[in-house]
Amino acid sequence: MQFENWRDEELIRQAIAEEISAAEARLEGLEKRVIQAIATRDLARSAWKRWIRSVLSPRASALRFAYVLGALLLFVGIGILIGRFSFAPKPLPALAQEGTVFALAAPGAHKVEIVGDFSAWKPIPLVDPDGDGVWTLILKLPPGRYEYAFLVDDRWVGQDPNADEYVRTMGDYTSVRYIGGGSS
Amino acid sequence: MGDVGELELIQRSLEGDLEAWGEIVVRYKRMVFGTALAVLRNWADAEDAAQEAFIRAYEKLHYYDLSRKFSTWLITVTINVAKNMLRKRKAEPEPKTFHSEDPATLVAREELRKAVKEAVWSLPEGYRLPLVLYYWEGLSVEEIAKAMRLKPATVKTRLFRGRALVKSKLLEMGVTADAV
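In short, a report on the structure. Not measured: the values here are computed from a predicted model. Throughout, residues of each chain are indexed from 1 in the direction in which the sequence is written. As a convention, the first chain written is A and the first ligand written is 1, with the rest following in written order. Reporting in this predicted model follows two pLDDT cut-offs: at least 70 for local features of residues, and 80 or more for side-chain atom pairs to be given and counted; totals over whole chains, interfaces and linings ignore these cut-offs and use all residues. With hydrogens and water stripped out, all remaining heavy atoms of the structure feed into the side-chain values.

Here we come to the pattern of salt bridges. Salt bridge criterion: a side-chain nitrogen from Lys or Arg within 4 Å of a carboxyl oxygen from Asp or Glu. In total, this model carries 20 salt bridges over all chains according to the counting rule given. When the shortest N-O distance is used, the salt bridge between Asp 17 of chain B and Arg 12 of chain B registers 3.2 Å. Through salt bridges with shared partners, a single network forms among Glu 18 and Glu 19 of chain A together with Arg 113 and Lys 117 of chain B.

Encoded structure:
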């Protein structure tokens, strides 16, 4: 039997669930064993010790600080993103006849990579030798349909303006290119 | 105690109520065990790790940040415990619960199922763990990233690459001619 319906992720889900569910009997009474172990280790501290620990815990002040820092980072982050990425389609370099050009405008980025089914989702770096902020890579790919995404400074950019279409997989977008005989 | 809220159980646990913590264990033991199994690939070790993770989480409960999702925090604790066990074990042993089949026999639907199972569970931990967290625990990419202390993009590439590795393993076994 061929594994024909491979796109059905249910098979992977099933493979994982079966293995874990098969061991379910082992979890019977785990809560009692945990409680017993805690009691044996004398972890049940008296109430006042717990109160002192909770007062000394960094949670209260740390939370307030985290909220302020988070808001600040969000503000700065949005500013950087607006200024840094232009997703408007840009003309591709005139090198397409040598292969398929993957290009992304990411001025200010330190590293741009591409991951896709053509590389078994291993990152391949793009280059920007003239420093104009347009990062490119030419790949010689046999005709077919290819799914991919860019990683801009380790951030997932799944919607390439030059893609033929987008698909939503595992909660995010990936781009699709049709090479040879397709629409590209 | 089934209808008591999670936050109340945590607060009662913080006050030393072991029965409340026992209820937390009941609610999360499958999740914690699944996570430990994804790292250790061995039922007995995963059971020990699950127990130890709940003890460790109880000990560290004062440091749990209430603004975080409790399950994500608990998964992080479990991953740390399981990885420590793995380090103590020095080398990762062959999984005891999975076995290879002769490719020639991988012809029936049942065998295909076994092949997928073996391919998934023989993945390196770095790919296996995100797949289990995604498909078994139902965590989002962002939650997995927080639990594993990775960047979301890294989690995504590991999920895609994990699936690609399953596919290549199946090709190796002669089970599939199709692609992800």
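On to the packing of aromatic side chains, then. The description of an aromatic ring pair uses the distance of the two centres, along with the angle that the planes make with each other. Stacked, tilted and edge-to-face are the three classes applied to pairs of Phe, Tyr and Trp rings, where Trp contributes its six-membered ring and a pair requires centres within 6.5 Å; stacked means planes under 30 degrees apart, edge-to-face means over 60, and tilted covers the rest. On inspection of all chains with the given rule, the structure shows 13 aromatic pairs over all chains. Centroid distance Phe 102 of chain A to Tyr 148 of chain A: 4.9 Å. Interplanar angle 75°. Geometry classified as edge-to-face. Residue Phe 102 of chain A is located in strand S1 (residues 100-105), and its partner Tyr 148 of chain A is located in strand S5 (residues 144-152); the two are separated by 46 residues in the primary sequence. Each member of the pair, Phe 102 of chain A as well as Tyr 148 of chain A, carries the same accessibility label: buried. An aromatic cluster is built from Trp 21, Tyr 28, Tyr 58, Tyr 64, Phe 70 and Trp 73 of chain B, whose rings are joined through pairwise contacts. Two limits define a charge over a ring: the Lys NZ or Arg CZ must be within 6 Å of the ring centre, and within 35 degrees of the ring normal. Residue placement shows Arg 168 of chain A over the ring face of Tyr 173 of chain A; its charged tip is 5.0 Å from the ring centre. The cationic tip of Arg 177 of chain A hangs over the ring face of Phe 102 of chain A; the distance from NZ or CZ to the ring centre is 4.7 Å. Every helix listed is a DSSP run of H or I at least four residues long, and every strand listed is a run of E at least two residues long, numbered separately from the N terminus. Relative accessibility decides the category of a residue: with a 1.4 Å probe and only protein chains considered, values under 20% of the type maximum give buried, values over 50% give exposed, and everything between is partly exposed.

All names here are of chain A. Here S1 lies mainly inside the structure; six of its six residues are buried. Along S1, one buried face is formed by Thr 100, Phe 102 and Leu 104 and the opposite face, lined by Val 101, Ala 103 and Ala 105, is buried too. Pairing between strands requires that DSSP locate at least two bridges from one strand to the other. As paired elements, S1 and strand S4 (residues 134-139) share six bridges and run antiparallel to each other. Pairing of Thr 100 across the sheet is with Leu 139, part of S4.

Let us look at the side chain of Glu 31 of chain A. Examined against the element boundaries, Glu 31 of chain A turns out to sit in helix H2 (residues 30-40). A relative accessible area of 17% means that Glu 31 of chain A is categorised as buried. Here a polar contact is recorded for every N or O atom pair within 3.5 Å, except that within protein the pair must consist of a potential hydrogen donor and a potential acceptor, and residues adjacent in sequence are included only if both atoms are side-chain atoms. Among the polar contacts made by the side chain of Glu 31 of chain A, one reaches the side chain of Lys 29 of chain B at a distance of 3.0 Å. Working rule for contacts: check all heavy atoms of both residues, and any pair within 4.5 Å makes them a contact. The contact partners of Glu 31 of chain A, leaving out residues within four places of it in the chain, are Gly 22, Val 25, Val 26 and Lys 29 of chain B.

Residues and elements named next belong to chain A. There is a patch of nonpolar side chains on the surface, built from Leu 69, Leu 72, Leu 73, Phe 75, Val 76 and Ile 80 and spanning about 600 Å² of accessible area. Looking at where Val 76 falls in the secondary structure, it is placed in helix H4 (residues 59-84). With a relative accessible area of 41%, Val 76 lands in the partly exposed category. Exposure above 30% relative accessible area and the lack of any salt bridge qualify a residue for a patch; like charges then connect within 9 Å, and the nonpolar side chains Val, Leu, Ile, Met, Phe, Trp and Tyr within 5 Å. Here the accessible surface of atoms and residues is derived via Shrake-Rupley with a 1.4 Å probe, and residues count as covered only by protein chains that are part of the display.

With that out of the way, let us pick up the pairing of strand S8 (residues 172-179) of chain A. Residues and elements named next belong to chain A. Sheet analysis places S5 next to S8, joined by five bridges and oriented antiparallel. Residue pairing across strands places Tyr 146 opposite Arg 177, the latter belonging to S8. Bridging between strand S7 (residues 165-169) and S8 involves five bridges; their strand directions are antiparallel. Bridging from a neighbouring strand, Glu 165 pairs with Val 176 of S8. Counting the residues in the hairpin turn of S7 and S8 gives two residues, including Met 170, whose phi is positive at 50°.

Before going further, it helps to examine the interface of chain A and chain B. Counting residues at the interface gives 59 residues for chain A and 65 residues for chain B. Buried area: the sum, over both parts, of the accessible surface (1.4 Å probe) that disappears when the two are put together. Carbon and sulfur atoms make up 65% of the area that chain A and chain B hide from each other, which totals about 6,000 Å². The interface formed by chain A and chain B includes nine salt bridges. Note that Glu 24 of chain A and Arg 30 of chain B form a salt bridge whose closest N and O atoms lie 3.0 Å from each other. Remark: the boundary between chain A and chain B carries twelve residue pairs in polar contact (both at pLDDT 80 or more). Taken together, the elements giving at least two residues each to the side of chain A that touches chain B come down to helix H1 (10-21), H2, helix H3 (47-56), H4, S5, strand S6 (155-157) and S8 of chain A. For the side of chain A that touches chain B, the leading source of residues is H1 of chain A, giving eleven residues. Looking at the side of chain A that touches chain B, its residues break down into 29 nonpolar, ten polar and 20 charged. When residues are grouped by polarity, Ala, Val, Leu, Ile, Met, Phe, Trp, Tyr, Cys and Pro land in nonpolar, Asp, Glu, Lys and Arg in charged, and all others, Gly among them, in polar.

Attention now moves to H2 of chain A. Looking only at H2 of chain A, the buried set comprises Leu 30, Glu 31, Val 34, Ala 37 and Ile 38 of chain A. Across the axial projection of H2 of chain A, the buried residues extend over an arc of 130°, all falling on one side. Across from the buried face of H2 of chain A, at angles greater than 90 degrees, the exposed residues are Lys 32, Gln 36 and Thr 40 of chain A. Residues of H2 of chain A that are buried in the fold lie against helix H2 (18-40) and helix H3 (43-59) of chain B. Directions pointing from the helix axis toward each C-beta atom define the arc.

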